[in-house]
Amino acid sequence: MPTSVGKGLDRLAAVRRVTGGIDRRTVVRAGLVAAVAYAGWLAIGVFGRPYNFFDMKIYHGAVVWWASGHELYEFVAPDTTLGFTYPPFAGLAMLPMAHLPVAAAGLVNAAVSIAALAVVLAALLRPIADRLGWPLWYPVAIATPLAVAIEPTRETLGYGQVNLLLFALVMADLVALRWRSRRGTHHCTEGDGPLLRFVYSGAWAGVGIGLATAVKLTPALFILYLMITRQWRVAMTAVATTIGVTLGSFGIVGAESRTYFGSVLWQTERVGAADMTPNQSLAGLLARLYDSIETPGLLWLAFSVLVLALGLSRAADAHSDGDELTAFTLVGLTANVVSPISWTHHLVWVIPAIIVLADHAVRRRDASRGPVPRTAPGLQGPPALSALRPPIWYPALTGLRHGVAAIGLYLLFLISPIWPYEHQLPEVSHYQDGLFGALMENSLALALIVLVAALPWRPGAEPAFHTDRMARAALLYARR
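Criteria and cut-off values
- Residues numbered from 1 in each chain as written.
- Predicted model: local features only at pLDDT ≥ 70, side-chain atom pairs only at ≥ 80, totals over all residues.
- Heavy atoms only, no water.
- Helix = DSSP H or I, 4+ residues; strand = E, 2+ residues; numbered from the N terminus.
- Buried < 20%, exposed > 50% of the residue type's maximum accessible area, 1.4 Å probe, protein only.
- Contact = heavy atoms within 4.5 Å.
- Areas by Shrake-Rupley, 256 points an atom, 1.4 Å probe, with all protein chains shown as cover.
- 1 Å grid on protein atoms, 1.4 Å probe; cavity = no way out; pocket = protein on both sides within 12 Å on 5 of 7 lines; lining within 4 Å.
- Points joined across faces, edges and corners; volume = space filled by probe spheres on them.
- Nonpolar A, V, L, I, M, F, W, Y, C, P; charged D, E, K, R; others polar.
- Expected span 1.5 Å × (residues − 1).
- Arc of directions from axis to C-beta.
- Lys, Arg positive; Asp, Glu negative; His and termini not counted.
- Salt bridge = Lys/Arg side-chain N within 4 Å of Asp/Glu carboxyl O.
- Polar contact = N/O pair within 3.5 Å; in protein donor to acceptor, adjacent residues only side chain to side chain.
- Axes fitted to C-alpha atoms, helices over the stretch in contact; angles between N-to-C directions.
- Parallel < 35°, antiparallel > 145°, perpendicular 65-115°, else oblique.
- Left-handed = near helix turned anticlockwise from the far one by under 90°.
- Core = buried A, V, L, I, M, F, W, Y, C linked by side-chain atoms within 4.5 Å.

Student: Hey, could you go over the overall build of the protein chain for me, with residue numbers and the actual values?
Tutor: Within the protein chain, the secondary structure is distributed over 23 helices and zero strands. Going through the 480 residues of the protein chain one by one, you find that 47% of them count as buried. Residue pairs in contact within the protein chain that sit at least 24 positions apart in sequence constitute 74% of those at least 6 positions apart. Accessible area of the protein chain: about 23700 Å², with a carbon and sulfur share of 68%.

Written out as structure tokens, the structure is:
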């Protein structure tokens, strides 16, 4: 017995030697990360749908068909009426997966998409983590499984879609703008080569948006935003990238390029009916409200122009006040709303919207605390400084509505209440379950419209450049 007790004490001492250098806070954080990841996995099982890489099978079948000598846009997936709908450049980018089995291609796409999402979250959360004094790995490790669990991400991964990769390309330009605004302040060593210095300079801003536009046309709205905000160099870089890639595709696969831009681009019926429940754009919303397979054209056009003007004007104001992240988010959300088809896996721009709302709540709560006097133990601070301390309950309530909005938005896209009320004309009316059912079926589209109209921005939080107006706005924001 004494021998076994001694061995147990030796093992305990060895464990203490190994873990002695690990901060207890780090252990708690790691445990919380594991719990969140497990909860996210369970949430996908509860709220997600059965996934089998449906879209990836179409992409994979199309490029295999193309690689075997057939015309790319003549492919029709077995047991469906669906074919390849992306520009030829996207087909060229996907061509290497013709050498993989479809399941392997889907898994590779999922792994790369999650990695891209984690990198984007690291870029978005770095300023927040630095301000709060957190190690970057902690919020990123928490946010990644939370983001994977919600409707747009789990649908993107489950269907084998490319939305997260396009999202990463656009957000790369946000990072480039951030670096460009700090030009001359980035720590480059003498050993850094010209390529690394070029990357840190942010001079390549616009390339990501250009590539994303060449793959899918909706990111072109970011080019219009850059022009409105007079970021001419970035806009021209994006335009040049799009044109260069598209012309290059013409040079490589001219027949497919002519087919796409001559006919396929205008065949909107290739992607599905407007009233289908997963189409959470304004066009889908109006079609379902009218209980029609087709969208009322003039009404959609009128409201689209209104939403477009509202979204771009608010994005321009956010840019002018120094919050480029919110500006980009508003443009992405606006594109989701005005696009004729926005499937739920397209709605990845709710991820930065949730981050903006949560950070807005934290910033307002911290600002409401006011300057807290520091005095020696046992001494009372000067009355003038003590009067600046707000009541104890006030900071807890400041920013509450933004925090509740962030949580509510996350829960909405986690639960995704559209699916229990999914209807399809002409078999079943969209009013089959009454007004409540109609609201639930359109809940994601309504949330997008509310975000375009009301998403707040944080002056001075993510500047693409520095102006006196921006500094004044940040000061007023801190005093509110």
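Student: Before we move on, could you go through the environment of I449 and cite the residues and values that matter?
Tutor: Along the polypeptide, I449 turns up in helix α22 (residues 443-454). In sequence terms I449 and S281 are 168 residues apart; their C-alpha atoms lie 9.1 Å from each other. Excluding residues within four positions of it along the chain, I449 makes contact with L282, L285 and V337.

Student: If you had to explain the layout of surface pockets to someone new, which residues and values would you point to?
Tutor: A volume near 710 Å³ is recorded for the second largest pocket. Of all the elements in the fold, those that place two or more residues in the lining of the second largest pocket are α2 (24-47), α5 (102-132), α6 (137-149), α17 (350-368) and α20 (400-415). Residues belonging to the lining of the second largest pocket are distributed by class as follows: 22 nonpolar, one polar and one charged.

Student: Account for helix α15 (residues 297-320), naming residues and giving values.
Tutor: With 24 residues, α15 ought to run about 34 Å at 1.5 Å a step, and its terminal C-alpha atoms sit 34 Å apart, in line with that. Among the residues making up α15, those that are buried are S304, V307, G311, L312, R314, A315, A316, A318 and H319. Downstream of α15 by one or two residues, G322 has phi in the positive range, about 90°.

Student: Explain helix α12 (residues 232-252) to me, and be specific about the residues and the numbers.
Tutor: The first and last C-alpha atoms of α12 sit 30 Å apart over 21 residues, in line with the 30 Å expected at 1.5 Å per residue. Along α12, the residues that are buried comprise V234, A235, T237, A238, T241, T242, V245 and S249. Along α12, the residues classed as buried sweep out an arc of 165° about the axis, all on the same side. Seen from the open side of α12, the exposed residues pointing more than 90 degrees away from its buried face are L247 and G251. Check the buried side of α12 and you find it contacts α4 (88-94), α8 (163-181), α10 (207-215), α11 (220-228) and α13 (254-262).

Student: Now, about the side chain of K216: what can you tell me, with residues and values included?
Tutor: Locating K216 in the fold gives a position in the loop between α10 and α11. Buried within the structure, K216 lacks any salt-bridge partner; its nearest side chain of opposite charge belongs to D55, at an N-O separation of 8.6 Å. For K216, the side chain forms a polar contact with the side chain of H346, separated by 2.7 Å. Aside from chain neighbours lying at most four places away, what touches K216 is Y86, N163, L166 and H346.

Student: Give a detailed account of the packing of helix α14 (residues 282-289) against α15, specifying residues and quantitative values.
Tutor: How two helices pack is summed up by the angle between their axes together with the distance between the axes. At their nearest, the axes of α14 and α15 sit 10 Å apart, and the two run at 140° to each other. Put simply, α14 runs oblique to α15. Regarding α14 and α15, the two cross each other, and that crossing is right-handed. In contact with L282, A283 and L286 of α14, α15 contributes L299, W300, F303 and S304. For the contact of α14 with α15, a count of residues per class yields six nonpolar, one polar and no charged.

Student: Mind laying out the pattern of salt bridges, listing which residues take part and the relevant values?
Tutor: Evaluated as defined, the whole model comprises six salt bridges. A salt bridge links E155 to R49; the nearest nitrogen and oxygen atoms lie 2.8 Å apart. With E155 in helix α7 (residues 151-159) and R49 in the loop between α2 and α3 (54-67), this pair connects stretches of sequence that are 106 residues apart. Its relative accessible area of 25% is what places R49 among the partly exposed residues.

Student: Could you give an account of the packing of α8 against helix α16 (residues 324-338), with specific residues and numbers?
Tutor: Where α8 meets α16, the closest approach of the two axes is 10 Å, and the angle between their N-to-C directions is 155°. Taken as axis vectors, α8 and α16 run roughly antiparallel relative to one another. Relative to α16, the crossing made by α8 is right-handed. Residues V170, M171, L174 and L177 of α8 form the contact with α16, whose participating residues are E324, L325 and F328. Residues that form the contact of α8 with α16 fall into these classes: six nonpolar, no polar and one charged.

Student: Residues and numbers for the nonpolar core, please.
Tutor: In terms of nonpolar packing, the biggest core is built from 102 residues, with F84, F328, L333, W349 and F413 touching the most fellow members. No other element matches α5, which puts ten residues into this core.

Student: I'd like a description of empty space enclosed by the protein, backed by residues and values.
Tutor: Considering all chains together, one arrives at one cavity of 30 Å³ or more under this definition. Taken as a whole, the largest cavity holds about 250 Å³ of empty space. Considering the residues around the largest cavity, the lining is formed by 17 residues, among which T218, P219, N336, H346 and W349 are closest to the centre. At four residues, the largest contribution of residues to the lining of the largest cavity is made by α8. Grouping the constituent residues of the lining of the largest cavity by class yields nine nonpolar, seven polar and one charged.

Student: Kindly report on unusual backbone geometry, identifying the contributing residues and their values.
Tutor: In this chain, L425 is followed by P426 through a cis amide linkage whose omega measures 0°. Looking at the element boundaries, P426 is found in the loop between α20 and α21 (434-441). Despite not being glycine, D291 shows a phi value in the positive range, around 55°. Although it is not a glycine, S416 sits at a positive phi angle of roughly 50°. With respect to the helices, strands and loops of the structure, S416 is situated in the loop between α20 and α21.

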